[in-house]
Amino acid sequence: MKDDAIIHSVIFSLNHEKGSSAEQRFLEDGRAALSSIPTVKEFQVFREISPKNTYDFGFSMKFDSRADYEAYNAHPQHVAFVRDRWDQEVSQFLEIDYAGYEH
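Residues numbered from 1 in each chain as written. Predicted model: local features only at pLDDT ≥ 70, side-chain atom pairs only at ≥ 80, totals over all residues. Heavy atoms only, no water.

## Quick look at the nonpolar core
In a soluble, globular protein the nonpolar side chains are often hidden away together inside.
Stage number 1. Membership of the largest hydrophobic core comes to 20 residues, with the highest contact counts inside it found for Phe12, Phe26, Phe59 and Trp86.
Stage number 2. Contributing elements (two or more residues each) for this core: β1 (6-14), α1 (21-35), β3 (57-63), α2 (66-74) and α3 (76-89).
Stage number 3. The contact partners of Trp86, leaving out residues within four places of it in the chain, are Val10, Phe12, Phe26, Phe59, Phe81 and Phe93. (Core = buried A, V, L, I, M, F, W, Y, C linked by side-chain atoms within 4.5 Å. Buried < 20%, exposed > 50% of the residue type's maximum accessible area, 1.4 Å probe, protein only. Helix = DSSP H or I, 4+ residues; strand = E, 2+ residues; numbered from the N terminus. Contact = heavy atoms within 4.5 Å.)

## Thoughts on α1
Stage number 1. Between the first and last C-alpha of α1 there are 21 Å, a value that for 15 residues agrees with the 21 Å anticipated at 1.5 Å per step.
Stage number 2. Residues Ala22, Glu23, Phe26, Leu27, Gly30, Ala33 and Leu34 constitute the buried set of α1. Projected down its long axis, α1 carries its buried residues within an arc of 145°, all on one side.
Stage number 3. Against β1, β2 (41-47), β3, α2, α3 and β4 (90-99) lie the buried residues of α1. (Expected span 1.5 Å × (residues − 1). Arc of directions from axis to C-beta.)

## What to know about the layout of surface pockets
Stage number 1. Reported here for the largest pocket is a volume of approximately 190 Å³.
Stage number 2. Listed by contribution, the elements that provide at least two residues to the lining of the largest pocket are β1, β3, α2, α3 and β4.
Stage number 3. For the lining of the largest pocket, the element with the most residues is α3, which contributes four residues. (1 Å grid on protein atoms, 1.4 Å probe; cavity = no way out; pocket = protein on both sides within 12 Å on 5 of 7 lines; lining within 4 Å. Points joined across faces, edges and corners; volume = space filled by probe spheres on them.)

## Thoughts on the UniProt feature "domain: Stress-response A/B barrel" (unreviewed entry) in the chain
Stage number 1. Per the UniProt record, "domain: Stress-response A/B barrel" (unreviewed entry) is annotated on residues 6-98.
Stage number 2. The span residues 6-98 is 41% helix and 34% strand, and its two end C-alpha atoms sit 5 Å from each other. (UniProt positions renumbered as here; feature names shortened; annotations may be inferred.)

## Digging into unusual backbone geometry
Stage number 1. For Glu42, which is not a glycine, the phi torsion comes out positive at approximately 50°.
Stage number 2. With respect to the helices and strands, the residue Glu42 is situated in strand β2.
Stage number 3. Given a relative accessible area of 53%, Glu42 falls into the exposed group.

What follows is the structure in structure tokens.
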């Protein structure tokens with residue numbers, strides 16, 4: 001990973017019934033909307049399998065630089081997805097942003 005690259009991860013649970021079509025639609029729409037933003041690299045969707053926490057899903061993506069990450073945050077598609085879908089359909093989340101660690 002490049003020194004200034006960032007991995008952006010968010011783990012979350014939805015207000016939808018587990019296994020429902022609404023749950024599946026959110027995950028598919030999230031992938032479509034967020035992965036098509038030009039600075040997003042290696043977008044992935046994960047399903048939580050551990051009983052150690054109460055989250056159900058994860059989105060993860062990489063950015064080549066902080067500038068690319070900031071461009072993603074301000075991008076109209078990201079802003080619209082958060083406003084129109086995330087804020088209404090996500091019941092809890094934790095966001096983590098990683099950069100390479102050298103010592």
